Amino acid sequence: MEPYYRDDLVTIYNTDATHLAFLDDASIDLTITSPPYNLDVSYNGYKDDLPYSAYLEWVALWARALYRVSRLGGRACVNVPLDTNKGGKRAVYADYVRVFLAAGWQYQTTIVWNEQNISRRTAWGSWRKPSAPFVTAPVEMIPVFYKQRWHRPDAGKHWSIDARDFQDWSLGCWTFPGENPRRAGHPAPFPEELPRRLLLLYSYVEDVVLDPFLGSGTTCRVAKRLGRRSIGVEVDPAYCERAAAAARSEPLPGSEAIRS
Ligand SMILES: C[S@@+](CC[C@H](N)C(=O)[O-])C[C@H]1O[C@@H](n2cnc3c(N)ncnc32)[C@H](O)[C@@H]1O
């Protein structure tokens, strides 16, 4: 398939990521992604409002596709909500873990992203009564999965995380704010800090990184800044254009910036 955009480090495909048929088996080292959450977000070209069981069946399809394209020891970091209230309380994170395990992935850990977003806190349930109070956690989850083995050999590879960051980020509760949708030109972007930490913690400079739900292009932009090759897939041409513009304006990093 012809890419929508390509430079020395970034390749973007404007297509549906469900089956990833255009990617080779065992070609990806690290996936970082935030899929549509089925919360009726107004994306340009995608209806984010499936019945919940159909949504999970769709997640199972791309979780299997991701498994196929991942190398042995490949990793997948999937940013999802803890739960939702849409159509009744749903433990979305727990369902994702179940679906990914059924697709063949092994579970490594979960990073809790403390987004500190309490502005959406409007429903109390039963105010000051135990009859039906609502408890909401202002966090998102990033379960981390791997294909068959966790340990990856270092030989011939380079990496670039410093001691302080390693110490801080290996405590799995991360606190930083979300991204402003207006600034990103996308209704549901994640902030650069999210892929930045995951890239530095979980990838070698020589790795190939995939984001199958690229949106405004955050993963590819940050991967390029850190000298990693990346592939982004986005079904909507307007978001693809945004992601391509972001990649184009990101200069190639100097080698001293990306290698230990
Ligand atoms: C939560 S957003 C990702 C945002 C991204 N992390 C960012 O920082 O901008 C999910 C994206 O998936 C895209 N999408 C939905 N269904 C898709 C599919 N089947 N294949 C590829 N992309 C899809 C949507 O258009 C949307 O841009």
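Scroll up to find the structure this text is about.
Bear in mind the structure is a predicted one, so any value in this text is a computation, not a measurement.

A. Region of the structure containing the site of the ligand. Neighbouring the ligand are 21 residues, the closest being A17, F213, G215, S216 and T218. Considering only residue class, the shell around the ligand consists of 12 nonpolar, 6 polar and 3 charged.

B. Seen up close, the environment of V222. Checked against the element boundaries, V222 lands in helix α6 (residues 218-225). You can call V222 buried: it has 26 C-beta atoms within 10 Å. Separated by 29 residues in the primary sequence, V222 and E193 place their C-alpha atoms 8.7 Å from one another. The residues contacting V222, other than those within four sequence positions of it, are E192, P195, R196 and L199.

C. Quick look at helix α1 (residues 52-69). The end-to-end C-alpha distance of α1 is 26 Å, a good match for the 26 Å that 18 residues give at a rise of 1.5 Å each. Taken together, the buried positions of α1 are V59, W62, A63, L66 and V69. The buried residues of α1 occupy an angular sector of 125° when projected down its axis, which confines them to one face. Turned more than 90 degrees away from the buried face of α1 sit S53, A54 and E57, all of them exposed. Looking at the packing, one finds that the buried side of α1 touches β3 (28-33), β4 (70-78) and α2 (92-102).

D. Structural view of the packing of helix α5 (residues 193-202) against α6. Where α5 contacts α6, the two axes come as close as 9 Å, and the packing angle between them is 50°. Relative to α6, the element α5 is oriented oblique. Crossing hand, α5 versus α6: right-handed. Seen from α5, the contacting residues are P195, R196 and L199; seen from α6, they are T218, T219, V222 and A223. Of the residues that constitute the contact of α5 with α6, the class distribution is 4 nonpolar, 2 polar and 1 charged.

E. Highlighting the packing of α1 against α2. Packing of α1 against α2 leaves a shortest axis separation of 9 Å and a crossing angle of 45°. The pairing of α1 with α2 is recorded here as oblique in orientation. The two elements α1 and α2 meet at a crossing, and its hand is right-handed. Packed against α1, whose contacting residues are L56, V59, A60 and A63, the element α2 presents D95, Y96, V99, F100 and A102 at the interface. In the contact of α1 with α2, the residues fall into 8 nonpolar, no polar and 1 charged.

F. Main features of the environment of N44. Mapped onto the fold, N44 is located in the loop between β3 and α1. Accessibility expressed as a C-beta count within 10 Å gives 11 for N44, which makes it exposed. Separated by 143 residues in sequence, N44 and P187 place their C-alpha atoms 9.3 Å apart.

G. Geometry of the pairing of strand β10 (residues 229-233). Among the 5 residues that make up β10, 4 are buried, leaving the element largely enclosed by the rest of the structure. The pairing of strand β2 (residues 10-13) with β10 spans 4 bridges and is classified as parallel. For V10, the partnering residue across the bridge sits in β10 and is S230. Here strand β9 (residues 208-211) runs beside β10; their pairing, made up of 4 bridges, is parallel. Each bridged residue has a counterpart across the sheet, and for L210 the counterpart in β10 is I231. Read as a crossover between parallel neighbours, the route from β9 over α6 to β10 is right-handed.

H. Structural context of the nonpolar core. In terms of nonpolar packing, the biggest core is built from 53 residues, with I12, C77, A243 and A247 touching the most fellow members. Here this core gets 6 residues from one element, more than from any other, and that element is helix α7 (residues 237-248). In contact with A247, other than residues within four places in its own chain, are Y5, D7, V10, I12, G217, C220, R221 and K224.

Thresholds, definitions, all that
- Residues numbered from 1 in each chain as written.
- Predicted model: local features only at pLDDT ≥ 70, side-chain atom pairs only at ≥ 80, totals over all residues.
- Near = placed C-beta within 6 Å.
- Nonpolar A, V, L, I, M, F, W, Y, C, P; charged D, E, K, R; others polar.
- Helix = DSSP H or I, 4+ residues; strand = E, 2+ residues; numbered from the N terminus.
- Buried ≥ 20, exposed ≤ 12 C-beta atoms within 10 Å, placed from the backbone.
- Contact = placed C-beta atoms within 7 Å.
- Expected span 1.5 Å × (residues − 1).
- Arc of directions from axis to C-beta.
- Axes fitted to C-alpha atoms, helices over the stretch in contact; angles between N-to-C directions.
- Parallel < 35°, antiparallel > 145°, perpendicular 65-115°, else oblique.
- Left-handed = near helix turned anticlockwise from the far one by under 90°.
- Pairing = 2+ DSSP bridges.
- Right-handed = clockwise from strand over helix to strand, strands pointing away.
- Core = buried A, V, L, I, M, F, W, Y, C linked by C-beta atoms within 7 Å.

Function-wise, these values are silent; they only describe arrangement.
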